[in-house]
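# Examination of the molecular architecture
Next come the chains, spelled out residue by residue.
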Amino acid sequence: MTEDLTQLEILTALEPVAEQNLNRHLSIAKDWNPHDYVPWEEGRNFAAMGGTDWEPSQSKLTDVAKAAMITNLLTEDNLPSYHREIAENFSLDGAWGTWVGRWTAEENRHGIVIRDYLVVTRGVDPVALEEARMVHMTQGAHAPANWGGFLVNVAYVTFQELATRVSHRNTGRVCDDPIADKMLARVATDENLHMIFYRNLCAAALDLAPDQAMPAITKVLTNFQMPGAGMPNWRRNGVLMAKHGIYDLRQHLDEVVRPVLKQWNVFDRNDFGARGEAARDELALFLDKLEKDVLRFEEQRDRLLAREREVAERATASAAAR
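Described in the following lines is the structure provided in the data block. If you're wondering where the values come from, they're calculated on a predicted model, not measured in any experiment.

Quick look at the packing of helix α6 (residues 150–174) against helix α8 (residues 210–222) now. Where α6 contacts α8, the two axes come as close as 8 Å, and the packing angle between them is 50°. Judged by the inter-axis angle, α6 sits oblique to α8. In this structure, the crossing between α6 and α8 has a hand that is right-handed. Taking contact as the criterion, the partners of Leu151, Val152, Ala155, Tyr156 and Phe159 in α6 are, on α8, Gln212, Ala213, Ala216, Ile217, Lys219, Val220 and Leu221. Looking at the contact of α6 with α8, its residues break down into 10 nonpolar, one polar and one charged.

Applying the stated criterion to the full structure yields 10 aromatic pairs. Between tryptophan 96 and phenylalanine 150 the ring centres are 5.4 Å apart and the planes differ by 70°, which places this aromatic pair in the edge-to-face class. With tryptophan 96 in helix α4 (residues 94–121) and phenylalanine 150 in helix α6, this residue pair connects regions lying 54 residues apart in the sequence. Each member of the pair tryptophan 96 and phenylalanine 150 is classed as buried. Measuring from ring centre to ring centre gives 5.7 Å for tryptophan 99 and tyrosine 198, while their planes differ by 85°; the resulting arrangement is edge-to-face. Taken as a pair, tryptophan 99 in helix α4 and tyrosine 198 in helix α7 (residues 178–208) lie far apart in primary sequence, 99 residues in all. Judged by its relative accessible area of 1%, tryptophan 99 falls in the buried class. One aromatic cluster is present, formed by Phe90, Trp96, Trp99, Phe150, Phe197 and Tyr198 through successive ring pairs.

Definitions and limits used
Residues numbered from 1 in each chain as written. Predicted model: local features only at pLDDT ≥ 70, side-chain atom pairs only at ≥ 80, totals over all residues. Heavy atoms only, no water. Axes fitted to C-alpha atoms, helices over the stretch in contact; angles between N-to-C directions. Helix = DSSP H or I, 4+ residues; strand = E, 2+ residues; numbered from the N terminus. Parallel < 35°, antiparallel > 145°, perpendicular 65-115°, else oblique. Left-handed = near helix turned anticlockwise from the far one by under 90°. Contact = heavy atoms within 4.5 Å. Nonpolar A, V, L, I, M, F, W, Y, C, P; charged D, E, K, R; others polar. Phe/Tyr/Trp six-rings, centres within 6.5 Å; stacked < 30°, edge-to-face > 60°. Buried < 20%, exposed > 50% of the residue type's maximum accessible area, 1.4 Å probe, protein only.

Right, dumping it as structure tokens:
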């Protein structure tokens, strides 16, 4: 039985892959400026500067779009916590350190542009948004106690970045504003490139240490939650987003989990030992259960939306009759 590779051995062995993918990312990623995606002509002073404070009628966003925008922004706001987690579990030397810094700088743009858009367009209550930011950032983002190390963290950020891309892209579509749609499409493009970096590193880790990497992947997927978990109104906003197709179980399974596992060839590999095989079997059972959960969720959602449509139609008909 071969001994497990240490964290240092894994990072050292994969540094050439990190450098290759860092260079690939830098050659593809396009720099952009947050101020270019904000309709500044819509801005005006708040009461502290002699203007008018926010009130709900000023927002052009639906409740669904507000919930999604706030959730996405507060998720981005916790960037210092994510930076800490990645820096502690990757490395700040060589290509690793360059990537951590570059990734952090690119992610920071997302919070800047979304907040500027929401404040300038008065899309949400800026006071409530700031209060929620203070609460969420004070709590910070903390990985579970047994999630230390490179393998678990690189698996998590692979799925998390792809999930965030899906959420941003779909949020842009429900805002009914071409400016917001273009802005969040730009953000989603960044998230996709970040996902590719992490996905390629995790693929290399699977080749390097399959019996260590496969249990890490299974641990992440069987315990997965989005990085914004625990923010104010997390459950309410998450329900709204799932109900209206911004990020739901079907998208998680079909647009995030399955494509990545297919890319890694997880279920057709023949290089696992007993530990890797056991982890893969556990994951297969979990995915079967998740598919059943998806079907139940979709049935419940369809019934709920149908009832809401009926209520709305009756209300409209009653109003017309009067």
